Each structure stands twice: as C-alpha cells, then as structure tokens.
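# Structural features, examined
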Amino acid sequence: MKTVLSLTNVNVSYNGVGGSPVLHDINLKLPTGVITVIIGPNGSGKSTLIKAILKLLPYSGRVQFFNQPVEANYHHIGYLPQRFSFDRTIPITVYELLILSLTECDCAAVTTDRRERITKALVEVGVGSLINQPLSELSGGQLQRVLLAKAIVHEPRLVILDEPESGIDQKGEKTIYTLLKELTQAKKMSVVLVTHDLDLAAQYADYVVALDRKVIAAGNKAAVLNKKVMAQLYGYH
Amino acid sequence: MDTTSLSLLLTLPFFQRAVLGGVIIAAVAAYVGVQVVIRRSSFLGDALAHTVLTGVALGLWWQINPFLTMLALALIIGVILANNQFSNSKLPLDNLLGALLPTAMALGIVIIALIPGYQSQLLSYLFGNILTIGSLELSYLLVLGLAVSVITYWYRRQLILVAIDKDMAQTSGVAVKKIELIFHLVLALTVVGAVQLVGVVLVNALLIVPATITRTFARSLKTMLVLAPVIAVIVTISGIALSAIKNLPTGPVVALVAGGVLVLAIALSSRPLRWSSR
C-alpha cells in the first residue's frame, strides 16, 4: 500500500529543537486511502504530532507527503484543529471563512466554481443552510461542522483532524465519521485523525497508531487495539 | 464662523489640502484598522505611533524632512515586529510593547526638547495638525495612500486570513511570514500618515475607532471592510470642518467626533459588542 505520510526520526521539544522532549524518535509510514486514528493518553503528544506533521511547530527529522515536503502541498491537505485561535466575535460569515481558505487554492479559480464547492462541502457535513450565517451565531457543534467543511472544501488528498468529535453530540459524531469513511472510499482521500474515543477508533479506523511520546504500536486494529498495547498505553490490567 | 465663512474656507488651498490628505489617510487607516482589530492587536498601532516620534525628532535634529525620518523609523520597527524579534523574550508581546512605549515616546520628546527652537512643533506632532500640511507633505500622503491601497488590495485575502488565524492561513497555503511582513510595513506606512492628521497620541482614533464602530452592527467581513473607511472619511471631514469653524485643534476634534459616533453606535446597536463567545 502506498504511503501518504512518512515520518522519519521526528523529535519535538518544548521551547523548540533542543528543549525537553515531547515526542521522541517518531518513525511512521501512514497508508493512503484509509482512516488512520492516533490514540494515546492525555499529554501523549497526539496534537503535537499533528502540528509537527503540518509544520506548525518546529521539529527535527523529516516529514513527507507522498515523498514531498508537506509545506509545498498544503493545497492537497485539509486540516481541522482541536481549536482555532480566532476571535468568534469577528463579523464574518461561513461563506467568507470558506472562500478565504480557498485563497491559495488553484483548484477553484472561478468564483462560481468556488461558490459551488463551498455549498457542496457545507451540504456534505449537514450545514448547507448556514452558508450566510455569521460565525458568532453558530453553536459549538455547528462551528465544528463548518470547520470540517473548510477542511474538505478544496477536495484534498489528505484530511488531518484533531478530535473532530469535540463539541458535537452523538448523532453529529456519527455523521462526521460516516462522512470521513465515505471520503476514503469514494474519493480515495486519506484521513489521519486524533481521538480520545477508543470505541470510535475501533469502529472506524483502518490503521491505528498508539502514541505515548513515542510510538508504542502501529498497525491494523487487531495489532494495536488489544489488551497488551492498551495496558502499555493506559495502564489497564 | 458662519456658513459663508465655511464656504470661503473650502476655496482656500490649505483647507483643500487638509481635507484631501485627511480623507486619504482616514480611509486607508480604517481599512488597515479592520485587520488590526481582527488580530486583537489594538496596541500595535499605538506602539508604532509613539515610537515614530523619535523619527520626527531625529529629522528635526538632522534637519531632514521629519516625514521621511519618521517613515524610515516606522518601516524599521515594522520589519522588527514582523520578524517577531521579541519572541525570545519571556514577556508577552503586548506587555513588552506597553512597557517600551513610554520609553520610545520619551526619547523623542527629550530629543526635540534639546533642539533649540523646535519645542513649539512638539504639540503638532503629538496631536496632529493636518491644516498646516504643505503640497509636498500632501504628495507624500497621496503616494503613501496609493501604496497602502494597492498592496492591501493585492493581498487582501491573505492579509485577512493571517489576521483571523495564522495556523489556518498557513495550512491554507498562505506564506504567513511574507504576509506578516507586508502587514507590518503597511501598518507602519498607515501610522505615519495618521500621525499627520491626528498626531502620535491619537492614532488609534483613525486606526481602531472606525473599525470598532462598524463592528457594532456588521454581520459580515465585507460590510466591515467597506463601511469602516466610509465612516472614517465622514468622521474626518466633519472633524476638520468643526475644528475650523470652532477654531479648535484638528486632531483632537477628529478623535472626539469618532469617539462620539462610537458611543452612539454602541448605544443604538440592538446587539452591542458581542463580548461573550459560545
């Protein structure tokens, strides 16, 4: 199977390269066209790993997207962080946010095409009617879905999500994970996501990475979601 | 002063220069101000403005046009801020800027005080005096306004996206470092222009107040970006006219009119500033 992301000797430290280590010697080859789920206890470095992959924080080692630097391929990657730092009281509509995120996307040069893409992405995540709503008037769950639409609006080859279920009820959670599954199956999109929810991981993951500042285990569900790895990861007996 | 006198005033070249210069700077400052507000960096313009007083002082000392030395210093500070040269400090940037701000301003005031014969000009740099700008200064303002307008239009989406969230901008493929540099240089140019109108102390009256007025009722970014400059221009023309009629200092009157409109906007807004976030 082809590799969408390869990480070689990746080390991340607090206060930049050379500080106290957060992630130690990460070596991974994540398969393409499937859902990869990263699990681990609080403070295990899951979100840090995502940020390192996206070059949002400094690291040593090498991260490649289809054997190319990630930073040259942002237009092929969608990202849903645990939380963006933007001020939600800014008067900005859902449409404006999504069209701004297509700024550097050469895949949608024509305005009408962009409008269609945005509408389609919002409908896919179940919030098509919110297109002209200001962000400040959205609930937490609606905002999370809008941000998921932002992550897929440019039809990326890889979507990276940090706890996509946060702020969403169980029904919404199922909608999102089902959509992600469809994206991998129908569009051959690759999905890498972080979650705390082991049930969701067991239900939807094709490939699992168990992380606790270093890679404890990586492989299919049977190889990772077993008693031995869980005991090592969470201290279960 | 009656309306006849005001009509007469409108025919006078110095007043025409003041209005034209004021309108250009007000519109540009309000547009850039929207980005400053979105960034939650209201302190940034103030810090730049207070620092450029030293540029004025150096110009007077070296007998170079103070506009040019102020511009040069503002651009240098802009580059320093864009490159986040303070990132190694343990102190947050707004804390650091707030602490350094009085020092930078005091340095300018002391230098001006040491130059014989220029103390009287200090007030016009502190509070602005657009009524005294000559043709040369007006041409500088025109070039400056045009440069800021072209740059901010060309990079409008990238500038806004970086202002909203840097991580979001970077993962959308925006060259964040380049846009940060452009923003800080544009802000530096804008502040230099605004100092001509409202002075070092009142720069935020042009930079922040119009954007804040618009924010009280706008439901979209487009509304905010279009209406903030319109409001700024109306406020500035009203302020300049009022100051001429009542023979009051122009900068403070413009700032007062802007502040008055802001208070009115907050009072009239059915949903005043939405402080809380869900």
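Remember, predicted model here, so these are calculated numbers, not experimental data.

Calculation notes
Residues numbered from 1 in each chain as written. Chains lettered and ligands numbered in written order. Predicted model: local features only at pLDDT ≥ 70, side-chain atom pairs only at ≥ 80, totals over all residues. Heavy atoms only, no water. Pairing = 2+ DSSP bridges. Helix = DSSP H or I, 4+ residues; strand = E, 2+ residues; numbered from the N terminus. Axes fitted to C-alpha atoms, helices over the stretch in contact; angles between N-to-C directions. 1 Å grid on protein atoms, 1.4 Å probe; cavity = no way out; pocket = protein on both sides within 12 Å on 5 of 7 lines; lining within 4 Å. Points joined across faces, edges and corners; volume = space filled by probe spheres on them. Nonpolar A, V, L, I, M, F, W, Y, C, P; charged D, E, K, R; others polar. pLDDT = per-residue confidence, 0-100.

## Thoughts on the sheet that holds strand β3 (residues 35-39) of chain A
Whether parallel or antiparallel, the strands of a sheet pair through hydrogen bonds between backbone atoms. All names here are of chain A. The 6 strands lie next to each other as β6-β7-β8-β3-β9-β10, forming an open sheet whose pairing is mixed. Both outer strands of the open sheet, β6 (77-80) and β10 (215-219), are each paired with one neighbouring strand and no more. Here the strands of the sheet are splayed against their neighbours by 10° on average, with no regard to which way each runs. Taken together, the 5 bridges between strand β7 (residues 158-162) and strand β8 (residues 190-194) define a ladder with parallel strand orientation. Within β8, the residue paired with valine 159 across the bridge is valine 191.

## Notes on the layout of surface pockets
Reported here for the largest pocket is a volume of approximately 1200 Å³. Forming the walls of the largest pocket are 46 residues, and the residues nearest its centre are Arg39, Asn84, Lys166, Val176 and Glu180 of chain B. Those elements that provide at least two residues to the lining of the largest pocket are α3 (42-62), α4 (66-82), α5 (93-114), α8 (156-164), α9 (166-171) and α10 (176-198) of chain B. With 4 residues, the top contributor of residues to the lining of the largest pocket is α10 of chain B. Lining the second largest pocket are Tyr95, Glu96, Ile99 and Leu100 of chain A together with Tyr31, Arg156, Arg157, Ile160, Leu221, Lys222, Leu225 and Val226 of chain B. Contributing elements (two or more residues each) for the lining of the second largest pocket: α2 (94-101) of chain A together with α8 and α13 (221-246) of chain B. Classifying every residue of the lining of the second largest pocket gives 8 nonpolar, no polar and 4 charged.

## Notes on the confidence of the model for chain B
With 94% of its residues at a pLDDT of at least 70, chain B reaches an overall mean of 87. Two summary scores accompany this predicted model of the complex, namely pTM at 0.87 and ipTM at 0.87.

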